[in-house]
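# Architecture at a glance
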Amino acid sequence: MNVQISGEPVRRRAWRRRGRAPLGLLLGSLLLVTACGGGAEGRGEPAGKAGPDTSASQAVVTIAPKDGAHDVATSGALKVSAQKGRLRSVKVRDVRGNEVDGKISGGGALWEPSGHLGPSTQYTVDAVAVDARGRRAAEHATFTTLVPKNTFIGQYSPENGQQVGVGMPVSLHFTRGITDPAAVEKAITVTARPAVPIAGHWFGNDRLDFRPEKYWAPGTKVTLKLDLNGVEGRPGVYGTQTKEVSFTVGRSQISTVDARSKQMTVVRDGRTLKTLPITAGAPGTETYNGRMVISEKHPVTRMNGDTVGFGGEYDIKDVPHAMRLSTSGTFLHGNYWSGRDTFGTRNASHGCVGLFDVRGGDDGSTPAAWFYRNSLIGDVVIVENAHDETIQPDNGFGDWNLSWDAWRAGG
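Since the structure is predicted, the reported quantities are computational estimates derived from the model, not experimental observations.

In terms of helices and strands, the chain carries 4 helices and 27 strands. Evaluated residue by residue, the chain yields a buried proportion of 43% over its 411 residues. In the chain, once contacts between residues fewer than 6 apart in sequence are set aside, the share between residues at least 24 apart is 63%. About 21,800 Å² of surface is accessible on the chain, with carbon and sulfur atoms providing 51% of the total.

Take a look at the structure:
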């Protein structure tokens, strides 16, 4: 009895232990299934979202010129393109880290530089494109541009920091004739503060001038930027300049010579300063009509008729207060040899405009000395009523004899 009674509880405890074991195994199995279920929830990711696509991009990036290329042209050679995708970014830098400006076009199919490259320069290109599924493809290349054998520069006026009159154009004379004027003009920028529309005009293939529609406003600051380094101005001939110069416009002074009345009226900022008696070109050697600009000033200079086609008709070694108005030899200058009574009464010159002066120009009270002292390079001189043609716009700074429409048509 005691054994049976005492044994029953033992059997119950044993059964209870056996009964709990399957429940533990079941819970363990359930936990194991949950942890290794293989679904997105088991990876800690939201349900229904796939992982990143690690397959290769279908986009193909092509860089021209090829990696390692040498003697690359500074214009037209650099292009980056994408097929089966679109360009996302293109970075082109020189060895100093300066970036080359450019833009992506064609919906991401093509990148080209906005301007030309520099000569004798190594560049690196890093380009990235993406395909329709957003997968990236990248290419890298390094190349070196050519070393020019033949070069040109643009000789400019006015000089940096100079103060000039309201008629002064920005004028560039190139040391080699230009056969690609569009490429050269694209590399030149002329700006004004306060801003005003400015246009360029070519005279032949070696001169490019810039001016606004009307004379510059007094106080204007004009800046010329040359980015000619690497520009192919003619086949095999490259520019070498990268330069910036500025000049300021002073007061407005416009002088009008009336060859009929033999008087010159000087107007500054809209107010008449003086009317001076002059002598203009004699019959047969008349002064040009039209608008001219003072381009040079000389306290004393020599004038020899041989240099302007007049043979030995004159050779004056000490012409005082001389201001050049044309390339062909027209000056406004002091005259001591014609006699004071000539001025205001008759035209006696070989085409120049003369003002009374003394030999040596030492008398500051003479009309010539006063006008010289009160004139700037860039001041406008207008000749009217002369029995001659209007001066050609490329003869000196005769730019203002062209209408604005005609001026812009030559750019």
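From this point, the discussion proceeds with the structure in view.
Taken together, 4 strands build an open sheet; the order of strands is β23-β24-β25-β26 and the sheet is mixed. A strand with exactly one partner marks an edge of an open sheet, and here the two such strands are β23 (296–304) and β26 (353–356). In this sheet, neighbouring strand axes are inclined to one another by 40 degrees on average, regardless of whether the strands run parallel or antiparallel. Note that β23 and strand β24 (residues 315–324) share 7 bridges and pair antiparallel.

Here we come to the nonpolar core. Ranked by size, the top nonpolar core spans 32 residues in total, and within it Leu 172, Phe 174, Val 184, Ile 188, Leu 224 and Leu 228 carry the most contacts. At the level of secondary structure, the elements contributing two or more residues to this core comprise β11 (170–174), β12 (188–193), β14 (207–212), β15 (221–227), β18 (242–249) and β27 (380–384). Those residues in contact with Ile 188 that lie beyond four places of it in its chain are Leu 172, Phe 174, Leu 208, Phe 210, Leu 224, Lys 225, Leu 226 and Leu 228. Within the second largest apolar cluster, 22 residues are counted, among which are Ala 259, Met 264, Ile 278 and Ala 386.

This part is about the side chain of Asp 94. Relative to the helices and strands, Asp 94 is located in strand β3 (residues 86–94). There is no salt bridge for the buried Asp 94, and the closest opposite charge comes from Arg 96, which lies 6.1 Å off by N-O distance. Within the local environment of Asp 94, its side chain forms a polar contact with the backbone nitrogen of Asn 98, the two atoms lying 2.9 Å apart. Beyond its immediate chain neighbours, meaning those up to four positions away, Asp 94 contacts Thr 121, Gln 122 and Tyr 123.

Let us now look at the sheet that holds strand β17 (residues 237–239). Reading across from one edge, β8-β17-β16 is the order of the 3 strands in this open sheet, with mixed pairing throughout. Edge strands, defined here as strands with exactly one partner in the open sheet, are β8 (150–152) and β16 (232–234). Each strand of the sheet is rotated relative to its neighbour by a mean of 45 degrees, with strand direction disregarded. Inspection of the sheet shows β16 paired to β17 by 2 bridges, in the antiparallel sense. Residue Glu 232 lies in a different strand from β17, and its bridge partner there is Tyr 238.

In this section: the packing of aromatic side chains. What characterises a pair of aromatic rings is the spacing of the ring centres plus the angle enclosed by the ring planes. Across all of its chains, the model carries 7 aromatic pairs by this definition. Ring geometry for Phe 152 versus Phe 174: centroids 6.0 Å apart, planes at 75 degrees, classification edge-to-face. Separated by 22 residues along the polypeptide, Phe 152 in strand β8 and Phe 174 in strand β11 bring together distant segments of the chain. Each member of the pair Phe 152 and Phe 174 is classed as buried. Lying across the ring of Trp 407, Arg 211 places its NZ or CZ 4.8 Å from the centre. The residue whose ring lies beneath Lys 297 is Tyr 372, and the NZ or CZ to ring-centre distance is 4.4 Å.

Rules used in this analysis
- Residues numbered from 1 in each chain as written.
- Predicted model: local features only at pLDDT ≥ 70, side-chain atom pairs only at ≥ 80, totals over all residues.
- Heavy atoms only, no water.
- Helix = DSSP H or I, 4+ residues; strand = E, 2+ residues; numbered from the N terminus.
- Buried < 20%, exposed > 50% of the residue type's maximum accessible area, 1.4 Å probe, protein only.
- Contact = heavy atoms within 4.5 Å.
- Areas by Shrake-Rupley, 256 points an atom, 1.4 Å probe, with all protein chains shown as cover.
- Pairing = 2+ DSSP bridges.
- Axes fitted to C-alpha atoms, helices over the stretch in contact; angles between N-to-C directions.
- Core = buried A, V, L, I, M, F, W, Y, C linked by side-chain atoms within 4.5 Å.
- Lys, Arg positive; Asp, Glu negative; His and termini not counted.
- Salt bridge = Lys/Arg side-chain N within 4 Å of Asp/Glu carboxyl O.
- Polar contact = N/O pair within 3.5 Å; in protein donor to acceptor, adjacent residues only side chain to side chain.
- Phe/Tyr/Trp six-rings, centres within 6.5 Å; stacked < 30°, edge-to-face > 60°.
- Lys NZ or Arg CZ within 6 Å of the ring centre and 35° of its normal.

All we've got here are geometric facts, nothing functional implied.
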